[in-house]
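# Observations on the model geometry
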Amino acid sequence: MSWRLQRAVVGACVVAPAVGCGPRDNTAPVLEDARFEDPSTLVLSFSEPIASVADIDPVTHFRLGSGFALDALGVTVYYDLSHHFWDGFPGSGADASGLWPRHGFTIVSLVEPGDDPSQLRLTLAYPLTYYVCDNLSLADEMEIPAGIHLHYAEAGFPRVTDEAGNPLADIGAWWVSASFSTTQPGAFPELDARMPIPCPEL
């Protein structure tokens, strides 16, 4: 490299270090916390600031569901959040064979930045109800592992990335665009380490 070119590169690094002169960030963002701000709003906290999500289709990438791990059967049953459990939940001793949704899928209808650069705020098309939370509490009393979980699919562009362009990895991506309910072998497959999301005050 000629001294003129070398001097120009060094000068650019001093004036605008973001052009890529230092070590590149190759570390993908990691979800560290997820909590309901209210029954319709979920706040996600990540390990680092997140790039703009203005063009992201939330339905393509996000889904929320309630899951119940039935040790005796060796399976986990997942339900869309729109299932109210009027007929009980698997393992509760009630007849949970019929599905009683109040509407269609409880989709994530909006994704936008949170109050902090490392946060995202997800808005649900329909608010979470006490039916779901009451049954999750009952499952806990019966020592049945259960909880609300975030499912995220990296999918196609645009996607969630950090400011360096590193994409958020899949989190139980197999269920983002699948059926209203599903049964999978094992305890919370592809959700390790799983992050149960606490219910909001209802």
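The paragraphs below set out a description of the structure included in this document. (Residues numbered from 1 in each chain as written. Predicted model: local features only at pLDDT ≥ 70, side-chain atom pairs only at ≥ 80, totals over all residues. Heavy atoms only, no water.)

### A look at the packing of aromatic side chains
This model, assessed by the stated rule, comprises seven aromatic pairs. Plain terms: the ring middles of F105 and F180 are 6.3 Å apart, the flat faces sit at 25° to each other, and that makes the pair stacked. Remark: F180 occurs in the loop between β7 (146-152) and β8 (181-185) and F105 occurs in the loop between β4 (75-80) and β5 (108-113); sequence separation between them is 75 residues. On the basis of relative accessibility, which here comes to 35%, the residue F105 falls in the partly exposed class. Centroid distance W174 to W175: 6.4 Å. Interplanar angle 35°. Geometry classified as tilted. Overall, W175 belongs to the buried group, its relative accessible area being 0%. Here the aromatic residues Y78, W174 and W175 are joined through ring pairs into a cluster of three or more. When the ring centre of F105 is taken as origin, the NZ or CZ atom of R63, which lies over that ring, is 4.4 Å away. (Phe/Tyr/Trp six-rings, centres within 6.5 Å; stacked < 30°, edge-to-face > 60°. Helix = DSSP H or I, 4+ residues; strand = E, 2+ residues; numbered from the N terminus. Buried < 20%, exposed > 50% of the residue type's maximum accessible area, 1.4 Å probe, protein only. Lys NZ or Arg CZ within 6 Å of the ring centre and 35° of its normal.)

### Description of the pairing of strand β3 (residues 62-70)
When you tally the buried positions in β3, you get nine out of nine residues, the bulk of the element. Because side chains alternate across β3, one face comprises the buried residues F62, L64, S66, F68 and L70, and the other comprises R63, G65, G67 and A69, equally buried. Across seven bridges, the pairing between β3 and β7 is antiparallel. Considered in β7, the bridge of R63 is made with H151. What sits between the antiparallel neighbours β3 and β4 is a turn of four residues, in which G74 has the positive phi angle 70°. (Pairing = 2+ DSSP bridges.)

### Quick look at the nonpolar core
Core analysis: the biggest nonpolar cluster contains 36 residues, and L44, F62, L64 and I148 have the highest contact counts within it. Secondary-structure elements contributing two or more residues to this core are β1 (31-38), β2 (41-46), β3, β4, β5, β6 (119-124), α3 (130-141) and β7. Beyond its immediate sequence surroundings of up to four residues, L64 is in contact with F36, L42, D80, L81, L124, I148, H149, L150 and I197. A69, Y78, W175 and L191 belong to the second-largest nonpolar core, a separate cluster that totals five residues. (Core = buried A, V, L, I, M, F, W, Y, C linked by side-chain atoms within 4.5 Å. Contact = heavy atoms within 4.5 Å.)

### Details of the pairing of β6
In this sheet, β6 lies alongside β2 in antiparallel orientation, the contact comprising five bridges. Bridge assignment links S45 to a residue of β6, and that residue is Q119. Taken together, the five bridges between β5 and β6 define a ladder with antiparallel strand orientation. For V108, the partnering residue across the bridge sits in β6 and is L124. In this structure, the hairpin formed by β5 and β6 is closed by a connection of five residues.

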